[in-house]
Amino acid sequence: MRVSIDEDGCVGAGQCVLAAPDVFDQRDEDGVVVLLDEEPGEHLHEATREAALLCPALVIHLAE
Ligand code: SF4
């Protein structure tokens, strides 16, 4: 699985961080998402998919 994010569209809602804290973080200054792991391992796939579904701005893209 490969993860990409469109930072410009991120509204800093933090749903991704709650769902998959090993894959996503947020910048302290403005809450914009930081991708920690572009190719998360198998054990993180479900949480990463959840994060993509929960993101209100739909800026998390997954290539499986
Ligand atoms: S859930 Fe989406 S909008 Fe919210 S911080 Fe994560 S990437 Fe940004």
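These remarks concern the structure in this document. (Residues numbered from 1 in each chain as written. Predicted model: local features only at pLDDT ≥ 70, side-chain atom pairs only at ≥ 80, totals over all residues. Heavy atoms only, no water.)

1. Here's the deal with the site of the ligand
Line of reasoning, step 1. Surveying the vicinity of the ligand reveals the residues Cys10, Val11, Gly12, Ala13, Gly14, Gln15, Cys16, Val33, Cys55, Pro56, Ala57 and Val59.
Line of reasoning, step 2. For the shell around the ligand, the class distribution of residues is nine nonpolar, three polar and no charged. (Near = heavy atom within 4 Å. Nonpolar A, V, L, I, M, F, W, Y, C, P; charged D, E, K, R; others polar.)

2. A word on the side chain of His45
Line of reasoning, step 1. Looking at the secondary structure, you find His45 in helix α2 (residues 45-54).
Line of reasoning, step 2. Each residue touching His45, except ones within four places of it in the same chain, is listed here: Met1 and Pro40. (Helix = DSSP H or I, 4+ residues; strand = E, 2+ residues; numbered from the N terminus. Contact = heavy atoms within 4.5 Å.)

3. Considering the environment of Ala20
Line of reasoning, step 1. With respect to the helices, strands and loops of the structure, Ala20 is situated in the loop between α1 (15-19) and β2 (24-26).
Line of reasoning, step 2. With a relative accessible area of 3%, Ala20 lands in the buried category.
Line of reasoning, step 3. Residues Ala20 and Leu44 lie 24 residues apart in sequence; the distance between their C-alpha atoms is 7.5 Å.
Line of reasoning, step 4. Apart from residues no more than four positions distant in its own chain, Ala20 is found in contact with Ala47, Thr48 and Ala51. (Buried < 20%, exposed > 50% of the residue type's maximum accessible area, 1.4 Å probe, protein only.)

4. Details of the nonpolar core
Line of reasoning, step 1. Grouped together as the largest cluster of nonpolar side chains are 17 residues, with contacts concentrated most on Cys16, Phe24, Val33, Ala51 and Ile60.
Line of reasoning, step 2. In this structure Ala51 touches Cys16, Ala19, Ala20, Phe24 and Ile60, once residues within four positions along its chain are discounted. (Core = buried A, V, L, I, M, F, W, Y, C linked by side-chain atoms within 4.5 Å.)

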